[in-house]
Amino acid sequence: MKFGTKAIHAGVKPDESTGAIMTPIYQTSTYVQDGVGNHKGYQYSRTQNPTRHALEKNLAALENGKHGACFGSGLAAIDCVIKMLNPGDEVVSTNDLYGGTFRLFKTIFEKYGIKFHFVGMSDPSEVEAAVNKNTKLIWVETPTNPMINIIDIEAMAKISKSAGAMLCVDNTFATPYLQNPLDLGADIVMHSVTKYIGGHSDVVMGALICKDDAIADEMYRIQNSSGAVTAPMDSFLVLRGIKTLHLRVQRHCENAEKVARFLVSHPKVDKVYWPGLESHPNHAIAKRQMRGFGGMISFDLEGNSIEDAHTIVKNVKVFALAESLGGVESLIGHPATMTHAPIPKEEREKIGISDSLIRLSVGVEDVEDIIEDLSQALS
Ligand SMILES: *Cc1c(COP(=O)(O)O)cnc(C)c1O
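Definitions and limits used
- Residues numbered from 1 in each chain as written.
- Predicted model: local features only at pLDDT ≥ 70, side-chain atom pairs only at ≥ 80, totals over all residues.
- Heavy atoms only, no water.
- Phe/Tyr/Trp six-rings, centres within 6.5 Å; stacked < 30°, edge-to-face > 60°.
- Helix = DSSP H or I, 4+ residues; strand = E, 2+ residues; numbered from the N terminus.
- Buried < 20%, exposed > 50% of the residue type's maximum accessible area, 1.4 Å probe, protein only.
- Pairing = 2+ DSSP bridges.
- Axes fitted to C-alpha atoms, helices over the stretch in contact; angles between N-to-C directions.
- Contact = heavy atoms within 4.5 Å.
- Arc of directions from axis to C-beta.
- Polar contact = N/O pair within 3.5 Å; in protein donor to acceptor, adjacent residues only side chain to side chain.
- Near = heavy atom within 4 Å.
- Areas by Shrake-Rupley, 256 points an atom, 1.4 Å probe, with all protein chains shown as cover.
- Nonpolar A, V, L, I, M, F, W, Y, C, P; charged D, E, K, R; others polar.
- pLDDT = per-residue confidence, 0-100.
- Domains from an automatic or database assignment.
- Buried area = accessible area lost by both parts, 1.4 Å probe.
- Salt bridge = Lys/Arg side-chain N within 4 Å of Asp/Glu carboxyl O.

Draft legend 1. Spatial organisation of the packing of aromatic side chains. With the rule as written, the count across this model stands at seven aromatic pairs. Ring geometry for Tyr31 versus Tyr42: centroids 5.6 Å apart, planes at 35 degrees, classification tilted. Residue Tyr31 is located in the loop between α1 (3–9) and α2 (50–62), and its partner Tyr42 is located in the loop between α1 and α2; the two are separated by eleven residues in the primary sequence. The exposure classification of Tyr31 matches that of Tyr42, with both residues buried. Geometrically, the ring pair formed by Phe105 and Trp139 is edge-to-face, given 5.9 Å between the ring centres and 90 degrees between the ring planes. One end of the pair, Phe105, is in helix α4 (residues 99–109); the other, Trp139, is in strand β4 (residues 135–141), with 34 residues separating them in the sequence. We note that Phe105, like Trp139, is buried.

Draft legend 2. Looking closely at the sheet that holds β4. Reading across from one edge, β1-β7-β6-β5-β4-β2-β3 is the order of the seven strands in this open sheet, with mixed pairing throughout. At either end of the open sheet lies a strand with only one pairing partner, and these are β1 (67–71) and β3 (115–119). Across this sheet, the average inter-strand angle for adjacent strands is 20 degrees, counted without regard to direction. Packing of helix α6 (residues 153–163) onto the sheet brings it into contact with β4 and β5 (166–170), and relative to β5 it is tilted by some 155 degrees. Packed on one face of the sheet, helix α8 (residues 213–226) meets β1, β5, β6 (188–192) and β7 (206–210) and runs near 20 degrees to β1.

Draft legend 3. Here's a closer look at helix α12 (residues 306–315). Taken together, the buried positions of α12 are Ala309, Ile312 and Val313. The arc that holds every buried residue of α12, seen down its axis, measures 95 degrees, which confines them to one face. Those residues of α12 that are exposed and angled more than 90 degrees off the buried face are Glu307 and Lys314. On its buried face, α12 sits against β9 (296–301), β10 (320–321), β11 (331–333), β12 (358–361) and α14 (367–378). Capping the start of α12, Ser305 holds a side-chain oxygen 3.2 Å from the backbone nitrogen of Glu307, two or three residues further along.

Draft legend 4. Just the site of the ligand, in detail. Taken together, 13 residues sit near the ligand, with Gly74, Asp170, Ser192, Thr194 and Lys195 positioned nearest. Here Asp170 contributes a side-chain N or O atom positioned 2.7 Å from a nitrogen atom of the ligand. For the ligand, whose accessible area on its own is 380 Å², the fraction buried by protein is 93%. Partitioned by chemical class, the residues of the shell around the ligand number five nonpolar, five polar and three charged.

Draft legend 5. Examining the confidence of the model for the protein more closely. Model confidence for the protein is summarised by a mean pLDDT of 96, while 100% of its residues fall at 70 or above. Considering each helix and strand of the protein separately, the mean pLDDT is smallest for helix α13 (residues 345–350), with a value of 87, and largest for β7, with 99.

Draft legend 6. Geometry of the domain arrangement of the protein. Assigned domains within the protein: domain 1 (3–242) and domain 2 (245–378). On a C-alpha basis, the centroid separation for the pair domain 1 and domain 2 is 26 Å. Each partner contributes to the interface: domain 1 provides 38 residues, whereas domain 2 provides 38 residues. Taken over both partners, the interface formed by domain 1 and domain 2 buries close to 3,100 Å², and the fraction arising from carbon and sulfur atoms is 60%. Together, Met147, Leu178 and Tyr196 form the three largest contributors to the area buried by domain 1 at its contact with domain 2, with a combined 25%. For the interface between domain 1 and domain 2, the tally reads one salt bridge. Linking Arg288 and Asp152 is a salt bridge whose minimum nitrogen-to-oxygen distance equals 2.8 Å. Inspection of the domain 1/domain 2 interface yields 18 residue pairs in polar contact (both at pLDDT 80 or more). Among the secondary structure elements, those contributing two or more residues to the side of domain 1 that touches domain 2 are α1, α6, α7 (175–178) and α9 (232–242).

Draft legend 7. Inspection of α9 at higher detail. Within α9, eight of the eleven residues are buried, which leaves the element mostly enclosed by the surrounding structure. Inspection of α9 places Pro232, Ser235, Phe236, Leu237, Val238, Leu239, Gly241 and Ile242 among the buried residues, and these make up the whole buried set. Buried positions along α9 lie against α1, α2 and α10 (245–264).

What follows is the structure in structure tokens.
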């Protein structure tokens, strides 16, 4: 089955008792058993719930995987992957990682004896240099936030295989519609479902998808033992969101391309970061491993003034000034004073986050209105 058909049908079927076409919200904690050990596959909703189960099967299908697990947030999903490791194990990851992932690694898991290395992953030789006999996990995020760098997943899979380590890819920015890391050699795919998959800025949720049965056993054991599961109502909302994932992402990509080209030609704009531009340093890799270039764009301003950046994010009218991304509505943010404020200025500048850098999550409104809004704010 192709993607759009899977988005609408995979994992879901009309309710057998009523014929309801939509998966019911099974708002229940427990399930009556006919006799001891004689149940219908569900015993307790931390372990499994039918609404969540439908969503997990759907997500597994969208990522061409076999097993899916949903969590209370993207970070809870990442937490599950790191709990597969043991003290003394080492992880190699990228130096422009999502801030919450960095905080989880450094402030929670380092004290349990897991060691993390952060390198420039756009250059595979930096990853090779950081791998050693203790490396048990390579953690990739691509495209990255907010610099929209692209990491070569196949190259990372080669390195992880020869090191005997797992490869996990945070696929949040790309969505399963644009990129399928399992097909490129990854062992686990992670999503902040909060973003494009949910798509309507009304749910916080995370997911893991894998093919391997042994990894799946660990994933479900930790999901059930740690208990960071998602709710039936949220599972329902995400199942509904997914039915239009392919349509939304197509429009996000089309709109982002027009916005990126508008920004490139604007005299007040300095650099534009969007992997669909031929000038993007990783454009060739993006073209090879992605089916489209996504809805996230960053740009900075001629003169690099923080005041100019603040004026622009204040004067937009269609865009809303907010953290997060991937919803139907366009959002604008200023990483240096919002998402990436805790990072010291020098460190920020090393990875390209200038004072005037502005990040856009281009929504699915009419693109003429989006461009008109940016145009008036820039002038
Ligand atoms: C938002 C985000 C996360 C964290 O997900 P939550 O659902 O907010 O916990 C992880 N990775 C990326 C790339 C994100 O954008």
